[in-house]
Amino acid sequence: MKLSQLQTPALVVNADVLEKNERAMAALLAGSTARLRPHYKSHKCAAIAHRQIAAGAVGMTCAKLEEAEDLVDSGVADVLIANQIVDPRKLRRAAELALLCRLTVCVDDAENARALSQAAVQAGATVHVLVEYEIGMERCGVADADDYVALAKLVDSLPGLHYDGIQAYAGHVSHMPSAQERLALTAQNEQAVRSLLEKLAQAGLTAQTISGGSTGTAAIKARHGLYTELQAGSYLFMDSTYRQLHLPFENSLFLLTTVVSRRDGLAIMDAGVKSLGVDQDDPVLFTLGGAEIHCARVEANEEHLKLFAPDRALALGEKVLVMPGHCCSTVNLHERIYLYRSGEIVDRLQVTARGKSR
Ligand SMILES: Cc1ncc(COP(=O)(O)O)c(C=O)c1O
């Protein structure tokens, strides 16, 4: 079947570009001490996770316990939940999961560490722990180095837990348009982590793992070699936000849509926020032939995408490829992703962790 024959909206991936991105990441990591631990939230397809592991990834990163369960159910043996788990029932689920795989969880609070320890002991499991260090994103993590060391010592002493090291993620740097600014801020963040390592060493603790990084900072971190694990996720699919950074990765993910209505200066596509992530930049539009369609404005409603003043005539029923503003939130809206090569559908992947946000 041809790409153009798919019913829309349909999430599609150019398989040649996907493979190019896999090779680009491998090239970026060649000679580096850092290993890839790609973020699952960017594709949520167990089949792709297994591809990444076969290509050398040390394991997977995910945001949610349910995503971790999905990965383990598919046979992934090493999973990091790069988040805090607080709910008592979820702590029990995490401890049970740790009996089935090497599970690592982030912690930034002493009470939470004790609760995780208790759940692990009750299950007879060992849960690996990264104590999260806040390096400017203003999200989770311990912000003060001395507080961090105290918590790491506590984790190290608690039964059922194993202190592995540091989670330090600087998401606010990932999309900075200036490569120089990304480099400068990453170097600054890494300096904070180095200072923390010295304090940990003085306390007799070793961080075997330093995990973090994104598609936008992977090359810098791979070169610098401080981080042992890189959590880049978007590099395989990319999106219109990352496209602006001119990274060594290309856009492989598109939402195939159809023009369902048109009049002077306006074309209406059959896909809105129920199939397109709109939490970052505007989508970018292309004809099936690959020509970019420039519009004065693009507006997403629930089931429609409005193209105001497109710079080319769009026929009723014409298919248009929409490059999402954010690949991760787009993927979560779909049950399946079609792979295509040279305009032919060649495979279909299940988005196994779609909607798994608990
Ligand atoms: C903790 C963590 N690590 C890694 C990533 C991956 O980032 P990207 O998809 O930009 O490569 C994210 C993205 O939000 C994240 O929250």
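In what follows, the structure referred to is the one given above.
Residues numbered from 1 in each chain as written. Predicted model: local features only at pLDDT ≥ 70, side-chain atom pairs only at ≥ 80, totals over all residues.

Draft legend 1. Representation of the overall build of the chain in the model. Within the chain, the secondary structure is distributed over eleven helices and 18 strands. In terms of overall dimensions, the chain has a C-alpha envelope of 70 × 40 × 35 Å along the principal axes. Out of the 358 residues belonging to the chain, those deemed buried represent 46%. Counting contacts in the chain only where the partners sit at least 6 residues apart, residues at least 24 apart contribute 68% of the total. (Helix = DSSP H or I, 4+ residues; strand = E, 2+ residues; numbered from the N terminus. Buried ≥ 20, exposed ≤ 12 C-beta atoms within 10 Å, placed from the backbone. Contact = placed C-beta atoms within 7 Å.)

Draft legend 2. Geometry of the site of the ligand. Among the 14 residues in the neighbourhood of the ligand, the closest are listed as Ser 214, Thr 215, Gln 231, Gly 233 and Ser 234. Split into classes, the residues belonging to the shell around the ligand amount to three nonpolar, eleven polar and no charged. (Near = placed C-beta within 6 Å. Nonpolar A, V, L, I, M, F, W, Y, C, P; charged D, E, K, R; others polar.)

Draft legend 3. Structural detail: the pairing of strand E4 (residues 78-81). Relative to E4, strand E3 (residues 60-62) is paired through three bridges, and the arrangement is parallel. Directly across from Thr 61, in E4, lies its bridge partner Leu 80. For the crossover that starts at E3, traverses helix H3 (residues 65-73) and ends in the parallel E4, the hand is right-handed. As defined by bridge partners, E4 adjoins strand E5 (residues 102-107) across four bridges and the pair is classed as parallel. Residue pairing in the sheet places Leu 80 in a bridge with Thr 104 of E5. On the question of chirality, the crossover connecting E4 to the parallel E5 by way of helix H4 (residues 88-97) is right-handed. (Pairing = 2+ DSSP bridges. Right-handed = clockwise from strand over helix to strand, strands pointing away.)

Draft legend 4. Structural context of the pairing of strand E6 (residues 127-132). Most of E6 sits out of view: six of its six residues are buried. Both faces of E6 are covered, namely the face carrying Val 127, Val 129 and Val 131 and the face carrying His 128, Leu 130 and Glu 132. With four bridges joining them, E5 and E6 adopt parallel strand pairing. Counterpart to Cys 106 in the pairing with E6 is Leu 130.

Draft legend 5. Looking closely at the packing of helix H6 (residues 145-157) against helix H8 (residues 179-202). Interaxial distance between H6 and H8 falls to 10 Å at its minimum, and their mutual angle equals 45°. Taken together, the axes of H6 and H8 are oblique relative to one another. Crossing hand, H6 versus H8: right-handed. Contacts between H6 and H8 involve Ala 145, Tyr 148, Val 149 and Ala 152 on the former and, on the latter, Ser 195, Leu 196, Lys 199 and Leu 200. (Axes fitted to C-alpha atoms, helices over the stretch in contact; angles between N-to-C directions. Parallel < 35°, antiparallel > 145°, perpendicular 65-115°, else oblique. Left-handed = near helix turned anticlockwise from the far one by under 90°.)

Draft legend 6. Expanded view of the environment of Leu 256. Following the sequence through the fold, Leu 256 ends up in strand E10 (residues 253-263). When the C-alpha atoms of Leu 256 and Glu 67 are compared, they prove to be 26 Å apart, with 189 residues separating the residues in sequence. When neighbours within four sequence positions are excluded, Leu 256 is seen to be in contact with Leu 3, Leu 6, Thr 8, Pro 9, Ala 10, Val 12, Lys 319 and Leu 321.

Draft legend 7. Highlighting the packing of H3 against H4. At a minimum axis distance of 11 Å, the contact between H3 and H4 shows a crossing angle of 25°. Between H3 and H4, the crossing angle belongs to the class labelled roughly parallel. Once H3 is placed against H4, the crossing between them reads as left-handed. Taking contact as the criterion, the partners of Leu 65, Ala 68, Glu 69 and Val 72 in H3 are, on H4, Lys 90, Arg 93, Ala 94 and Leu 97.

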